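# Structural overview
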Amino acid sequence: MQESIETTQENLGVSRRYFVKGAGIIAGGFAVGSMALAQACTSNSPTTTPPGTTTPPPTTTTPPVVETFLFFNAVEAATVKAAFGRLLPGSASDPGAVEAGAHIYVDRALNGAYANLGMAYHRGLTAMNAYSQSKFTKNFGDLTTTQQDSVLTDMQGGTATGFYAPGSGEFFSLLLKHMTEGTFCDPLYGGNQNLVGWKMIGYPGSQAAYTDAEMAIGFDQASKKILTLADIESIVMPLPSSGF
Amino acid sequence: MPTLPKVNVVIIGLGAAGCIMAKELSTAGLKVVGLEWGPLRRTQDFQWDHDELKYEQRQYLLKPIIDEQPMTYRPNAQTAAVNSGVPWTISSGVGGGSIHYGTWNWRALPHHFRLRSDITAKYGANALPPGTNVVDWPITYNDLAPYYDKVDTELGISGKAGNINGAVQSGGNPFEGARSKDFPLPPLIQTTGSRIFAQAATALSYKPFPTPSAIISQPYDGRPGCDYCGFCSAYGCHIGAKSSTMVSVYPKAVASGNFEARTGCRVVRINKSGGRATSVTYLDQAGVEQEQPAGLIIVSNYTWGAVRLLLLSGINANGLVGKYLMSHQYQIVNGIFDTIITNPSEGQTGANATIDEFNGDNFDHTGLGFIEGASITSIGGNTHAISGTSSLAPGNFKQVAANQNWGQPRKDFIKQYFKRTLGLIAQTPTLPYENNVIDLDPTVKDSIGLPVVRVTYSGSDNEKAIGNYLQPKMAAILKQAGASSTVNGPLLIPPWNNHEVGPCRMGSDPTKSVVNEHLQSWELPNMFIVSGAVFPTYFGYNPTHTIEALAYWAAANIKSQAQTGGNLVQYL
């Protein structure tokens, strides 16, 4: 039992002050030396599993999200997805906002935390497609990427016509903001799928701790194994003895 | 309306100052009730605080009060005040701003307590900019020093002393006022950005030192030491290592048996009669109006709430409540590095370094055309994926067309530079200007029909001049550190940065101040204002440590009078 907890601890790359839920009776009693832990903390190479132990399932791979939408209709979803694909382009080998599922994130948020922005999106996306029709006789999602960039540039500059609340520049900023949130949020929110956003920029995610060595000049934060909220949920943190 | 049984003391607002008052007075044997608008959140409520979207982007800890109690703003009296598009951020809940703060924990310099005397003696009365009312504090650094010590010890502050009993200590701030002893806890492990800054500053002959921080670097007082997770400023602490007043002194107030905290309560009025404050009227958690009589009434709200409550209660006999609002101008310079990795996501802003060569009157201002200055601190750590990429656009660092700030150019830029950035910040104080005021908005009301706070404020030439002087020096440090490009932030910013102070100034003359040297109201002798609102002038450091020291200072006077049969006893 103790061995498997150590393995989990190493995989999570956290300080030995913490322990995994259910392991309370051996709290503070880890047999692993500090050097080994330091290596586990700083190395991104796969950890070797001691014989006779169980490797916990990987927790940082987000299951694929089916592209069914809670808020957008099909045209709106296609419009947002196409716009995000231009704001932060990507491909299977070099993922961007769409590969991160930023459009899924916005759809879920508009059905929840950002419900107050629902009308802004309905109006803004309608205006975007009307402007695309007027300029290129097709909906935004059906334009060439060059044409899409031209529409987005007009929106950003406030010269795209037919927008009123929000204005075209304002709606562009909203799309950019939500694209960024959806690409770089915790995967719990429906974006940053498979951690592609965090991998893109070298962000280590929800680490529970950094060491002196990891904050030295010359260390690269991107060498840490990325952790998510789901990963650290299983770590029991120390608390003040007062109960507050 | 039901009237509750009288208590010795009622405290309005259980933030940084209110929790200290609660602890000091309840443990001294007084019966104390604390009224707090927000909730009580314990450390375990922050177990999953490593969530940038929730805490930083959607401002989980800061938002609720604004939804119900908006404020309006105008830069000057000639402009109409607006109540939308202004991102006011106010903390609510036990611990107040000390729950989410970045934890830089400064003592003001001895100079800051005698600002008018120092400036006029050295540069002449004409050096004081027109439109200001610069004064000396009614107390000195030496008066407050023992109470700064008390904050260090009781809350748990980490740092390196620069001056112990007059002897300058290597590695600390050589400009600071004398301390009686070193910090109770050693400095935090420094972020990568702090180390890069300190190396460059040293190479340029400055004397960098670890910024004092309200985070315990080692286990202390039953709390675990910091783990450097990096989710700190704007976040609650998931292990209670951040020395908020909620984890440090609040539990001791509760343990005294003399203290009752009522959360979710909204104070609407201080009642007065016969030249004294008599009770506090508030809406309880159920929205039911209650009246709590008390011997002493302690106003410990944030600056906005303190002024608003006094004005709503008709407490402003000499007309000075709301005048001389001051804030900080955050003058920031950001750098990007082509080769050096700065690890901006590791550790917290609390674990940084500062140089103080350009703060206060630490440098000669002769011929410069301005007075005062600011600390310059690195902002390593605490940078997360959304905020870090949002602020990184090619156009911020070089001349490009607007549409180069998105698409493939933006993607290439953030891939290259997200982990290669470092910012420096100078916290330039505004002077007390006659035209910077808070009053009640004549038309806008809150959710229960009471007038909201109207803020009239702008920075001025002196603050601009400080920024123009400091920003090139900050850029030079970043260049020395290896930055390939730097960009200056704005010279002046509006007052919604949680550092607003001043509009209930303390003083020794009842016609020129709102409270006396013990923070006792000149108008109602059993009312105290224990809040940043009492600062008569400001300084180039974060305000919280001084607010907390003033709380211990004010509490010491009340305790002393209660124990020795002083004047205040008649009200208890």
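The rules behind these values
- Residues numbered from 1 in each chain as written.
- Chains lettered and ligands numbered in written order.
- Predicted model: local features only at pLDDT ≥ 70, side-chain atom pairs only at ≥ 80, totals over all residues.
- Heavy atoms only, no water.
- Contact = heavy atoms within 4.5 Å.
- Buried area = accessible area lost by both parts, 1.4 Å probe.
- Salt bridge = Lys/Arg side-chain N within 4 Å of Asp/Glu carboxyl O.
- Helix = DSSP H or I, 4+ residues; strand = E, 2+ residues; numbered from the N terminus.
- Nonpolar A, V, L, I, M, F, W, Y, C, P; charged D, E, K, R; others polar.
- UniProt positions renumbered as here; feature names shortened; annotations may be inferred.
- Domains from an automatic or database assignment.
- Polar contact = N/O pair within 3.5 Å; in protein donor to acceptor, adjacent residues only side chain to side chain.
- Pairing = 2+ DSSP bridges.
- Axes fitted to C-alpha atoms, helices over the stretch in contact; angles between N-to-C directions.
- Parallel < 35°, antiparallel > 145°, perpendicular 65-115°, else oblique.
- Expected span 1.5 Å × (residues − 1).
- Buried < 20%, exposed > 50% of the residue type's maximum accessible area, 1.4 Å probe, protein only.
- Phe/Tyr/Trp six-rings, centres within 6.5 Å; stacked < 30°, edge-to-face > 60°.
- Disulfide = S-S within 2.5 Å.

A word on the interface of chain B and chain A. Across the contact, 59 residues belong to chain B and 59 residues belong to chain A. Together, B:Glu346, B:Trp406 and B:Lys411 form the three largest contributors to the area buried by chain B at its contact with chain A, with a combined 15%. On inspection of chain B and its partner chain A, the count reaches 4 salt bridges. Among the ionic pairs, B:Lys419 bridges to A:Asp220, the shortest N-O distance being 2.9 Å. At the level of secondary structure, the elements contributing two or more residues to the side of chain B that touches chain A comprise α2 (52-57), α7 (192-203), α8 (245-248), α9 (250-255), α11 (385-390) and α13 (407-417) of chain B. In terms of residues, the side of chain B that touches chain A owes the most to one element, α13(B), which gives 6 residues. Each residue belonging to the side of chain B that touches chain A can be placed in one class, and the counts come to 24 nonpolar, 23 polar and 12 charged.

Let us look at the environment of B:Gly13. Residue and element names in this part refer to chain B. Residue position: Gly13 is located in the loop between β1 (7-12) and α1 (16-27). On a C-alpha basis, the gap between Gly13 and Asp221 in space is 25 Å, while along the polypeptide they are 208 residues apart. Beyond its immediate chain neighbours, meaning those up to four positions away, Gly13 contacts Gly18, Leu35, Glu36 and Ser300.

The feature "domain: Glucose-methanol-choline oxidoreductase N-terminal" (unreviewed entry), as annotated in UniProt, sits at residues 224-328 of chain B in this numbering. Along residues 224-328 of chain B, the helical share is 19% and the strand share 31%, with 32 Å between the first and last C-alpha atoms.

Our next topic: the domain arrangement of chain A. All names here are of chain A. By domain assignment, chain A separates into domain 1 (66-201) and domain 2 (202-238). Taking the mean C-alpha position of each, domain 1 and domain 2 sit 31 Å from one another. At the interface, 8 residues of domain 1 touch 8 residues of domain 2. In this assembly, domain 1 packs against domain 2 so that about 650 Å² is buried in total across both faces, 73% of it on carbon and sulfur atoms. When the buried surface of domain 1 facing domain 2 is broken down by residue, Asp186, Trp198 and Ile201 rank first, second and third, together holding 65% of it. At the junction of domain 1 with domain 2, the criterion picks out 0 salt bridges. There are 4 residue pairs in polar contact (both at pLDDT 80 or more) connecting domain 1 and domain 2. When its residues are assigned to classes, the side of domain 1 that touches domain 2 shows 6 nonpolar, no polar and 2 charged.

Right, let's get into the sheet that holds strand β3 (residues 71-74) of chain B. Residue and element names in this part refer to chain B. Across the sheet, which stays open at both edges, the 3 strands sit in the order β3-β16-β15 with mixed pairing between neighbours. Strand pairing shows two members of the sheet lacking a second neighbour, β3 and β15 (437-445), which therefore form its edges. Put simply, the sheet's adjacent strands are angled 35 degrees from each other on average, direction ignored. Its contacts with the sheet place helix α10 (residues 303-312) against β3, β15 and β16 (451-456), and it is angled at close to 70 degrees to β15.

This part is about the packing of helix α6 (residues 141-156) of chain B against helix α15 (residues 544-564) of chain B. Residues and elements named next belong to chain B. Contact geometry of α6 with α15 gives a least axis separation of 8 Å together with a crossing angle of 110 degrees. One way to sum up the angle between α6 and α15 is to call them roughly perpendicular. Between α6 and α15, the contacting residues are Asp143, Leu144, Tyr147, Tyr148, Lys150, Val151, Asp152, Glu154 and Leu155 on the first element and His545, Thr546, Glu548, Ala549, Leu550, Tyr552, Trp553 and Ala556 on the second. A per-class count over the contact of α6 with α15 returns 10 nonpolar, 2 polar and 5 charged.

Moving on to the packing of α7(B) against helix α14 (residues 461-481) of chain B. All names here are of chain B. Where α7 meets α14, the closest approach of the two axes is 8 Å, and the angle between their N-to-C directions is 105 degrees. Classified by the angle between their axes, α7 and α14 sit roughly perpendicular to one another. On the side of α7, the interface is formed by Ile196, Phe197, Ala200, Ala201 and Ala203, while α14 contributes Ile477, Gln480 and Ala481. Grouping the amino acids of the contact of α7 with α14 by side-chain chemistry returns 7 nonpolar, 1 polar and no charged.

Quick look at α7(B) now. Residue and element names in this part refer to chain B. Here α7 is 12 residues long and its end C-alpha atoms lie 17 Å apart, about the 16 Å a rise of 1.5 Å per residue gives. Within α7, the full set of buried residues consists of Thr192, Gly193, Ser194, Ile196, Phe197, Ala198, Ala200 and Ala201. Close packing links the buried residues of α7 with β11 (328-337), β12 (353-355), β13 (376-378), β14 (421-429) and α14. Of the residues one or two after α7, Ser205 is the one with positive phi, at around 70 degrees.

Bringing the packing of aromatic side chains into the picture now. Residues and elements named next belong to chain B. For the structure on display, the rule yields 34 aromatic pairs over all chains. Ring plane angle 50 degrees and centroid distance 6.4 Å describe the contact between Phe363 and Phe370, whose orientation is recorded as tilted. Judged by its relative accessible area of 10%, Phe363 falls in the buried class. Under the relative-accessibility criterion, Phe370 is labelled buried at 6%. For the ring pair Phe363 and Tyr469, a centre distance of 5.5 Å and an interplane angle of 10 degrees mean the geometry is stacked.

The next subject is the pairing of strand β8 (residues 266-273) of chain B. Pairing geometry for β8(B) and strand β9 (residues 276-283) of chain B, over 7 bridges, is antiparallel. Across the sheet, residue B:Lys272 finds its bridge partner in β9(B), namely B:Ala277.

With that settled, the discussion passes to the UniProt feature "domain: Glucose-methanol-choline oxidoreductase C-terminal" (unreviewed entry) in chain B. Here, UniProt's "domain: Glucose-methanol-choline oxidoreductase C-terminal" (unreviewed entry) annotation points to residues 432-551 of chain B. End C-alpha to end C-alpha, residues 432-551 of chain B measures 22 Å, and it is 24% helix and 20% strand.

Attention now moves to the pattern of salt bridges. On inspection of all chains with the given rule, the structure shows 27 salt bridges over all chains. The closest approach of N and O atoms between B:Lys415 and A:Asp94, which form a salt bridge, is 2.8 Å. Taken together, the positions of B:Lys415 in helix α13 and A:Asp94 in the loop between α3 (74-87) and α4 (97-100) put the pair across two chains. Accessibility expressed as a relative area gives 30% for B:Lys415, which makes it partly exposed. By relative accessible area, A:Asp94 is classed as partly exposed at 27%. Residues B:Glu434 and B:Lys323 are paired through a salt bridge, measuring 3.0 Å at the closest nitrogen-oxygen approach.

What follows is about the side chain of B:Lys23. Summarising the element assignment, B:Lys23 is placed in helix α1. Contact partners of B:Lys23, with chain neighbours within four places excluded, come to B:Glu154, B:Val249, B:Lys252 and B:Ala253.

Moving on to the sheet that holds β12(B). Residue and element names in this part refer to chain B. Taking strand neighbours across the sheet as the criterion, the 6 strands line up as β6-β12-β13-β14-β11-β17 in an open arrangement whose pairing is antiparallel. Edge positions in the open sheet fall to β6 (209-210) and β17 (483-488), since each of these has one partner strand only. Bridge count for β13 against β14 is 3 bridges, and the pairing is antiparallel. Following the sheet pairing, Ile376 is matched in β14 by Ala426.

Let's shift gears to the state of the cysteines. Residue and element names in this part refer to chain B. In the structure shown here, the tally under the stated rule is 0 disulfides over all chains. In this structure Cys19 is not part of a disulfide, and its nearest cysteine sulfur, from Cys265, lies 14 Å away. Not engaged in a disulfide, the cysteine Cys229 finds its nearest cysteine sulfur in Cys237; these two sulfurs lie 6.6 Å apart. Of the residues examined, Cys229 reaches a relative accessible area of 6% and is grouped as buried.

Further remarks concern unusual backbone geometry. Cis geometry is adopted by the peptide bond preceding A:Pro166, which originates at A:Ala165 and carries an omega value of 10 degrees. Its place among the elements puts A:Pro166 in the loop between α7 (145-157) and α8 (168-184). Notably, B:Ser205 is not glycine yet its phi reads approximately 70 degrees, a positive angle. Its location among the elements puts B:Ser205 in the loop between α7 and β6. Of the residues examined, B:Ser205 reaches a relative accessible area of 58% and is grouped as exposed. One non-glycine residue, B:Asn498, lies in positive phi territory at about 65 degrees. Mapping B:Asn498 onto the fold places it in the loop between β17 and β18 (527-529).

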